[in-house]
Each structure stands twice: as C-alpha cells, then as structure tokens.
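Observations on the model geometry
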Amino acid sequence: MAEMTLERLAEVSEEIFAPWVKALGVETVEVGEGRVRLRMPGDPDVTRQGGPGGGVVSGQAVAAAADTASVLALIALNDALRPCTTVDITTHFARPLPEGEAEIMVEAVSNGRRMAVTRVEIRAAGAAKLSAVATLTFAYLDA
C-alpha cells in the first residue's frame, strides 16, 4: 500500500465505506503522534428538523461519525488498512451538537496486535465545550 497521506486516506475511505457512511463527509485533517483530527461538514440529512430538538445533529449520526473517525484514525496511525470490526462503542452525549461543521479528535488509547481502543471527542467547530465523547474498541481481523 502507498504511504498513508491525507489524500491516500481519502481514497481508502472512498473504497471501503458504505454509501451512507461516506455521506457523513468525515474527513481527516491532521495526523499527529497517536492523535488524529477530523472534520464533519454540516449536512441537513443528519440534522433533526423542526419541533423539539430541531436544528441539531442526530445522535445516530454522532455515533456513526465517532466510529468512522476511529477507523480512519487507525488506518492513519497504522499507515495501512488493517481489517477490523467494532466490538464496543460507548457514547456519552454532553450537549446537543448544533447543525453545521463539527470537529472530531481521535486518540488511540491502545493499538495492539489484536485489538485497538480509541477515545473520540466531538464538538461544534470552534466550540470549547464537547458535544459528545465516545470510547470504541476494535478487533483486528488480520491478527
């Protein structure tokens, strides 16, 4: 596999994710030492409209973004696509995520031979306060 640049990561994302996952628009912005920063553009298709709770990103989309961001982060951190499956996801919603762009930060808590654990923080772009925090566990299928 070619070196895992941001461009190559976008190509891999296009190849491996289902259409509804790609529709979230999660993209990697920066890869650092054990941490990956991503963004998710605002999308009316994942925003609850009207009535109570309108104008906020749905919880299902937030959880899916955390899972997608974690997979992208593991690909970037491993500098390769290692087939994996999510075995656990725990998401805590601190406050509604308003419609619009979101910032996602993923930290690899553990990245071993057989399993990986990530911690994800999601907030509105430019916001100081978190909207959601998730912890995910993955099993590598090539171990």
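Residues numbered from 1 in each chain as written. Predicted model: local features only at pLDDT ≥ 70, side-chain atom pairs only at ≥ 80, totals over all residues. Heavy atoms only, no water.

Side note on the overall build of the protein
- For the protein, the helix and strand inventory stands at 3 helices and 8 strands.
- Counting helices and strands in the order they occur from the N terminus, the protein gives α-α-β-β-β-β-α-β-β-β-β.
- Over its C-alpha trace the protein gives a radius of gyration of 15 Å, about what one expects of a compact globule, namely 15 Å for 143 residues.
- On the principal axes, the C-alpha backbone points of the protein span a range of 45 × 25 × 25 Å.
- Long-range contacts, defined here as pairs at least 24 residues apart, represent 63% of the contacts in the protein between residues at least 6 apart.
- If you sum the accessible surface of the protein, you get close to 7,500 Å²; carbon and sulfur atoms cover 52% of it. (Helix = DSSP H or I, 4+ residues; strand = E, 2+ residues; numbered from the N terminus. Rg over C-alpha atoms; globule rule 2.2 N^0.38 Å. Contact = heavy atoms within 4.5 Å. Areas by Shrake-Rupley, 256 points an atom, 1.4 Å probe, with all protein chains shown as cover.)

What about the pairing of strand β1 (residues 27-31)?
- Bridge count between β1 and strand β2 (residues 35-40): 4 bridges; the pairing is antiparallel. Residue pairing across strands places E30 opposite R37, the latter belonging to β2.
- Hairpin connection between β1 and β2: a loop of 3 residues separates the two successive antiparallel strands, and G34 in this loop has a positive phi of roughly 75°. (Pairing = 2+ DSSP bridges.)

Quick look at the side chain of T47
- Within the fold, T47 resides in strand β3 (residues 47-48).
- A polar contact of 3.0 Å, which involves the side chain of T47, links it to the backbone oxygen of D43.
- Ignoring sequence-local partners within four residues, the contact set of T47 consists of G55, V56, V57 and E99. (Polar contact = N/O pair within 3.5 Å; in protein donor to acceptor, adjacent residues only side chain to side chain.)

Details of empty space enclosed by the protein
- All told, the structure shown has 1 cavity of 30 Å³ or more when counted by the stated rule.
- Size it by volume and the largest cavity reaches roughly 40 Å³. (1 Å grid on protein atoms, 1.4 Å probe; cavity = no way out; pocket = protein on both sides within 12 Å on 5 of 7 lines; lining within 4 Å. Points joined across faces, edges and corners; volume = space filled by probe spheres on them.)

Quick word on the sheet that holds strand β8 (residues 132-140)
- Taken in spatial order, the 6 strands line up as β1-β2-β6-β7-β8-β5 in an open sheet, and their pairing is antiparallel. Where the open sheet ends on each side, the last strands, each with one partner, are β1 and β5 (84-93). Here the average twist between neighbouring strands, direction ignored, is 25°.
- Its contacts with the sheet place helix α3 (residues 59-78) against β1, β2, β5, β6 (102-111), β7 (115-124) and β8, and it is angled at close to 50° to β8. (Axes fitted to C-alpha atoms, helices over the stretch in contact; angles between N-to-C directions.)

Things to note about the pattern of salt bridges
- For the structure on display, the rule yields 10 salt bridges.
- R35 is the salt-bridge partner of E107, the closest N and O atoms lying 3.6 Å from each other. With a gap of 72 residues between them, E107 in strand β6 and R35 in strand β2 connect regions that are remote in the sequence.
- The partly exposed category is assigned to R35, whose relative accessible area is 34%.
- Here E121 and R119 are joined by a salt bridge, their closest N and O atoms 2.6 Å apart.
- What emerges from the salt-bridge pattern is a single network uniting R8, E11 and E15. (Salt bridge = Lys/Arg side-chain N within 4 Å of Asp/Glu carboxyl O. Buried < 20%, exposed > 50% of the residue type's maximum accessible area, 1.4 Å probe, protein only.)

Quick look at the layout of surface pockets
- The calculated volume of the largest pocket comes to roughly 170 Å³.
- Elements represented by at least two residues in the lining of the largest pocket include exactly α1 (6-16), α2 (19-22), β1 and α3.
- Broken down by element, the residue count for the lining of the largest pocket peaks at 5 residues, all from α1.
- Of the residues in the lining of the largest pocket, the class split is 7 nonpolar, 4 polar and 3 charged. (Nonpolar A, V, L, I, M, F, W, Y, C, P; charged D, E, K, R; others polar.)

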